[in-house]
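Here is what each chain is made of, one letter per residue.
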Amino acid sequence: MFFRKKDSDRAPEAAAPPAAAAKAGDGTVSVSLTVNGTPVTASIDPRTLLVQFIRENQRLTGTHVGCDTSQCGACVVHLDGRAVKSCTVLAASVDGGKVTTIEGLAKDGKLHPMQEAFREHHGLQCGYCTPGMIMSAIDIVNRKGTNLDEATVRHELEGNICRCTGYHNIVAAVRAGAANMSSSRQAAE
Ligand code: FES
Ligand code: FES
């Protein structure tokens, strides 16, 4: 019902594991990914979803599962620099990929500007949707730039559901975070 067009743009469909992820005698496949800058390799069931790999294999539980219908966006991570719903991706199908999760955003003990904006603008209540919101928000900035109007933010966030808030503070946080990212980039230049 929700967000089909953008989801298909964003998220690779779950697909058969590629030949590169060779099957072992016990039916597992060896998968190597770079997760938050660290190379990791694991033998997994070929049916393992990327979100399971992240949460259960890597124990990075900031990435959440909020539905079983690919609608909620709580599971959004960055795969090779683009936001994907990690519940729609087989880990073995992205062997060799680079994954960034919410745990990989803060640097040197300092929150990412988008995390900081969610904190400042109180863009959350229970926080369950927040990691996915933030990963999607950064992707929006990467695709649409740092000067985001409200309509653009609301449209682009259609693949992320919050069950607590009225979205008002989330939208304000994304716009502020985008502006903060602009300042950070300028400061870094
Ligand atoms: S858990 Fe992936 S979209 Fe809901
Ligand atoms: S803050 Fe609770 S689901 Fe969004």
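Each remark here, short or long, concerns the structure printed above.
No experiment lies behind these values; they were computed from the predicted model shown.

Asker: Any chance you could explain the overall build of the protein here in plain terms?
Answerer: Helix and strand counts for the protein stand at six helices and five strands. Going through the 189 residues of the protein one by one, you find that 39% of them count as buried. Residue pairs in contact within the protein that sit at least 24 positions apart in sequence constitute 64% of those at least 6 positions apart.

Asker: Please clarify how the sheet that holds strand β4 (residues 82-85) should be interpreted in this entry.
Answerer: Pairing between the strands of a sheet comes from backbone hydrogen bonds, and it takes one of two forms, parallel or antiparallel. Spatial ordering of the open sheet is given by β2-β1-β5-β3-β4, a layout of five strands whose pairing is mixed. For this open sheet the edge positions go to β2 (38-44) and β4, each flanked by a neighbour on one side alone. Here the average twist between neighbouring strands, direction ignored, is 40°. The pairing of strand β1 (residues 29-35) with strand β5 (residues 98-100) spans two bridges and is parallel. Residue pairing across strands places V35 opposite V99, the latter belonging to β5. Strand contacts of helix α4 (residues 130-144): β3 (76-79) and β4, with the helix running at about 40° to β3, the strand carrying the most contacts.

Asker: Please clarify how the environment of C87 should be interpreted in this entry.
Answerer: The topology assignment puts C87 in the loop between β4 and β5. For C87, a count of 25 C-beta atoms within 10 Å translates into the label buried. Distance in space between the C-alpha atoms of C87 and A74 is 9.3 Å, their sequence separation being 13 residues. Every residue in contact with C87, bar those within four places of it in the chain, is listed here: L49, V51, V65, S70 and C75.

Asker: Even after reading the chapter, I still don't get the pairing of β4, so can you show me in this structure?
Answerer: Where a strand is regular, its side chains alternate between the two sheet faces. Note: β3 against β4, four bridges, orientation antiparallel. Its bridge partner being in β4, H78 is matched across the sheet by A83. Connecting β3 to the antiparallel partner β4 that follows it, the hairpin turn spans two residues, and D80 within it adopts a positive phi of roughly 50°.

Asker: Is there a simple way to explain unusual backbone geometry in this structure?
Answerer: Leave glycine aside and you will find that most residues have negative phi; peptide bonds, for their part, are mostly trans. One non-glycine residue with positive phi stands out, namely N36, at about 50°. Tracing the chain through its elements places N36 in the loop between β1 and β2. Positive phi, normally seen in glycine, also occurs at H122, with a value near 50°. Following the sequence through the fold, H122 ends up in the loop between α3 (113-120) and α4.

Asker: I'm lost on α4 in this one. Help?
Answerer: Every α-helix carries 3.6 residues per turn, so stepping three or four residues along brings you back to the same face. For α4, built from 15 residues, the straight-helix expectation of 21 Å at 1.5 Å per residue is met to within 8% by its first-to-last C-alpha distance of 20 Å. For α4, a buried count of 11 out of 15 residues is recorded, marking the element as mostly surrounded by other parts of the structure. Regarding α4, the residues found buried are T130, P131, G132, M133, I134, M135, S136, A137, I138, I140 and V141.

Asker: Help me understand the packing of α3 against α4 in this model?
Answerer: Axis angle and axis distance: for two packed helices, these are the angle between their axes and the distance between the axes, and together they describe the pair. Close contact between α3 and α4 brings their axes to 10 Å; oriented N to C, the two are set at 130°. One finds that α3 runs oblique with respect to α4. Helix-helix and strand crossings are classified by hand; for α3 and α4 the assignment is right-handed. Across from M114, Q115 and F118 in α3, the residues of α4 making contact are T130, I134, A137 and I138.

Asker: Whenever I open this one, the environment of T41 confuses me. Can you help?
Answerer: Its location among the elements puts T41 in strand β2. When the 10 C-beta atoms within 10 Å are taken as the criterion, T41 is described as exposed. The spatial distance from the C-alpha of T41 to the C-alpha of Q58 is 10.0 Å, given a sequence separation of 17 residues. Apart from the residues lying within four places of it in its own chain, the contact partners of T41 are S30, V31 and S32.

Definitions and cut-offs
- Residues numbered from 1 in each chain as written.
- Chains lettered and ligands numbered in written order.
- Predicted model: local features only at pLDDT ≥ 70, side-chain atom pairs only at ≥ 80, totals over all residues.
- Helix = DSSP H or I, 4+ residues; strand = E, 2+ residues; numbered from the N terminus.
- Buried ≥ 20, exposed ≤ 12 C-beta atoms within 10 Å, placed from the backbone.
- Contact = placed C-beta atoms within 7 Å.
- Pairing = 2+ DSSP bridges.
- Axes fitted to C-alpha atoms, helices over the stretch in contact; angles between N-to-C directions.
- Expected span 1.5 Å × (residues − 1).
- Parallel < 35°, antiparallel > 145°, perpendicular 65-115°, else oblique.
- Left-handed = near helix turned anticlockwise from the far one by under 90°.

The values reported here are purely geometric and, on their own, carry no functional implication.
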